[in-house]
Amino acid sequence: MQKGKSMTPKRPLFSILIPSWNNLGFLKLCVESIRKNSCYEHEILIHVNDGSDGTLEWVKEERLKHTHSIENIGVCFALNGLRPLVTTDYIVFMNDDMYVCPNWDEALYREIQGLADKRLFFLSATLIQPRPFFCKSVIAPANYGETVDSFDEERLLREYMTLEHGDWQGATWPPNIVHRDLWDLVGGYSIELSPGMYSDPDFSAKLWMAGVRVFKGVDSSRVYHFEARSTHRIVKNDGSLQFLRKWGITSASFMRDVLRRGEPYSEGLHPRPLLQADLLRSRLKMVLTALKDTKTKHIWN
């Protein structure tokens, strides 16, 4: 048994939802890390997009609960399609190119147990990434390999908690955890954003509208992210524009001024008043987009 493994009953604590699109090597490593480095038992639920690389056969061999589509349907449909398989109170969204470090789950569960309202929250683990990154919520660059073959697992396990960081504001991206009642209340991930660009800040915006004010990145829950991006293989939705039209502000303003993503965490989220310049910029972008759409319709008509 893994050192630190909980002696609690075998009933799973989290339901971990993992969409995967012909990424079998990373998926195997992700599942192995969950099994090896978790303190509690969890149920692993996988959506297999396509699966022509052997993923479908592998999840069947491993007897993992899963759903399957013959082509890539994107993360929003994949996550929502997995929801009926969930049997626990807590839903974790995780990418298939992630490796969870020891006690990642204990840190999240301990955080939940300390909350006054154990349903009205949104938490993210803290990512460690090999390449430089724009947001202070991520520990980067910290390169322990960018492929399965180059992954230096031994060095990561020695060093992952020595990398200085801290709890941070503004949980959005995976790995994240939410109570299933809250997931159902906001309707999961928005399928109009398929295949999924900007579905992360949109989900956070829906939680904000539902009354959530605890958006916390947990420093002691650490996960290595290989950044093996699949987005170059898909036709992307214009998520930035969709977010603007839906919420009336840019996603950048929402994350910076409302969620304050990446800032050191403080009790209670106190959003900044949106600056007049930000509102003006958002409205101008909406007007220009509307004019562009009108011009396009005129050409076609």
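Scroll up for the structure.
A short tour of the structure in this document, coming up. Worth saying up front: this structure is predicted, and the values here are computed from it rather than measured.

1. As for the environment of Ser266
Logical step 1: Position of Ser266 relative to the elements: it lies in the loop between helix H9 (251-258) and helix H10 (276-300).
Logical step 2: Classification of Ser266 by relative accessible area gives partly exposed; the value is 36%.
Logical step 3: Expressed as a C-alpha distance, the spacing of Ser266 and Asp167, which sit 99 residues apart in the sequence, is 8.6 Å.
Logical step 4: Within polar-contact distance, the side chain of Ser266 engages the side chain of Gln169 at 3.4 Å.

2. Digging into helix H3 (residues 74-82)
Logical step 1: Within H3, the full set of buried residues consists of Gly74, Cys76, Ala78, Leu79 and Leu82.
Logical step 2: Buried-residue contacts for H3 involve strand E1 (14-21), strand E2 (43-49), strand E3 (65-69), strand E4 (90-93), helix H6 (180-186) and helix H7 (199-209).

3. Points about the packing of H7 against helix H8 (residues 239-247)
A pair of packed helices is captured by two measures, namely the crossing angle of their axes and the spacing between those axes.
Logical step 1: Interhelical geometry of H7 versus H8 gives an angle of 15 degrees and a closest axis separation of 11 Å. Put simply, H7 runs roughly parallel to H8. As for the relative orientation of H7 and H8, their crossing is right-handed in sense. Across the interface between the two elements, Pro201, Asp202, Ala205, Lys206 and Met209 from H7 touch Phe243, Lys246 and Trp247 from H8.
Logical step 2: Split by residue class, the contact of H7 with H8 holds 5 nonpolar, no polar and 3 charged.

4. Looking at the nonpolar core
Logical step 1: In this structure, Phe14, Ile18, Ile46, Met94 and Ile177 are the most contacted members of the largest nonpolar core, which totals 39 residues.
Logical step 2: A per-element tally of this core places helix H1 (residues 24-37) first, with 5 residues.
Logical step 3: If sequence neighbours within four positions are ignored, Met94 has contacts with Ile16, Leu17, Ile18, Pro19, Cys30, Ile34, Val100, Trp104, Pro174 and Pro175.
Logical step 4: In terms of nonpolar packing, the next biggest core, distinct from the first, is built from 27 residues, Ile91, Tyr189, Phe215 and Val258 among them.

5. Description of the environment of Val48
Logical step 1: Note that Val48 resides in strand E2.
Logical step 2: Taking the relative accessible area as the measure of exposure, Val48 reaches 0% and is therefore buried.
Logical step 3: Residues contacting Val48, with those up to four places away along its chain left out, are Ser20, Thr55, Leu56, Val59, Thr67, His68 and Ser69.

6. What about unusual backbone geometry?
Logical step 1: With omega at -5 degrees, the peptide bond leading from Ala140 into Pro141 counts as cis.
Logical step 2: One can find Pro141 in the loop between strand E6 (122-128) and helix H5 (153-159).
Logical step 3: In this model, Pro174 is joined to Pro175 through a cis peptide bond whose omega is -5 degrees.
Logical step 4: Residue placement: Pro175 occurs in the loop between strand E7 (168-169) and strand E8 (176-179).
Logical step 5: Phi angles above zero are rare outside glycine, and Arg63 is one such case at about 55 degrees.
Logical step 6: Mapped onto the fold, Arg63 is located in the loop between helix H2 (55-61) and E3.
Logical step 7: We note that Arg260 has phi near 55 degrees; this positive angle belongs to a residue other than glycine.
Logical step 8: Turning to its location among the elements, Arg260 is positioned in the loop between H9 and H10.

7. Topic: the pairing of E1
Logical step 1: In terms of burial, E1 is largely enclosed, as 8 of its 8 residues are buried.
Logical step 2: The alternating pattern of E1 places Phe14, Ile16, Ile18 and Ser20 and Ser15, Leu17, Pro19 and Trp21 on opposite faces, both of which are buried.
Logical step 3: Where E1 lies against E4, 4 bridges are found, and the strand directions are parallel. Note on E4: the bridge partner recorded for Ser15 is Ile91.
Logical step 4: With H1 bridging E1 and its parallel neighbour E2, the resulting β-α-β unit is right-handed.

Rules used in this analysis
- Residues numbered from 1 in each chain as written.
- Predicted model: local features only at pLDDT ≥ 70, side-chain atom pairs only at ≥ 80, totals over all residues.
- Heavy atoms only, no water.
- Helix = DSSP H or I, 4+ residues; strand = E, 2+ residues; numbered from the N terminus.
- Buried < 20%, exposed > 50% of the residue type's maximum accessible area, 1.4 Å probe, protein only.
- Polar contact = N/O pair within 3.5 Å; in protein donor to acceptor, adjacent residues only side chain to side chain.
- Contact = heavy atoms within 4.5 Å.
- Axes fitted to C-alpha atoms, helices over the stretch in contact; angles between N-to-C directions.
- Parallel < 35°, antiparallel > 145°, perpendicular 65-115°, else oblique.
- Left-handed = near helix turned anticlockwise from the far one by under 90°.
- Nonpolar A, V, L, I, M, F, W, Y, C, P; charged D, E, K, R; others polar.
- Core = buried A, V, L, I, M, F, W, Y, C linked by side-chain atoms within 4.5 Å.
- Pairing = 2+ DSSP bridges.
- Right-handed = clockwise from strand over helix to strand, strands pointing away.

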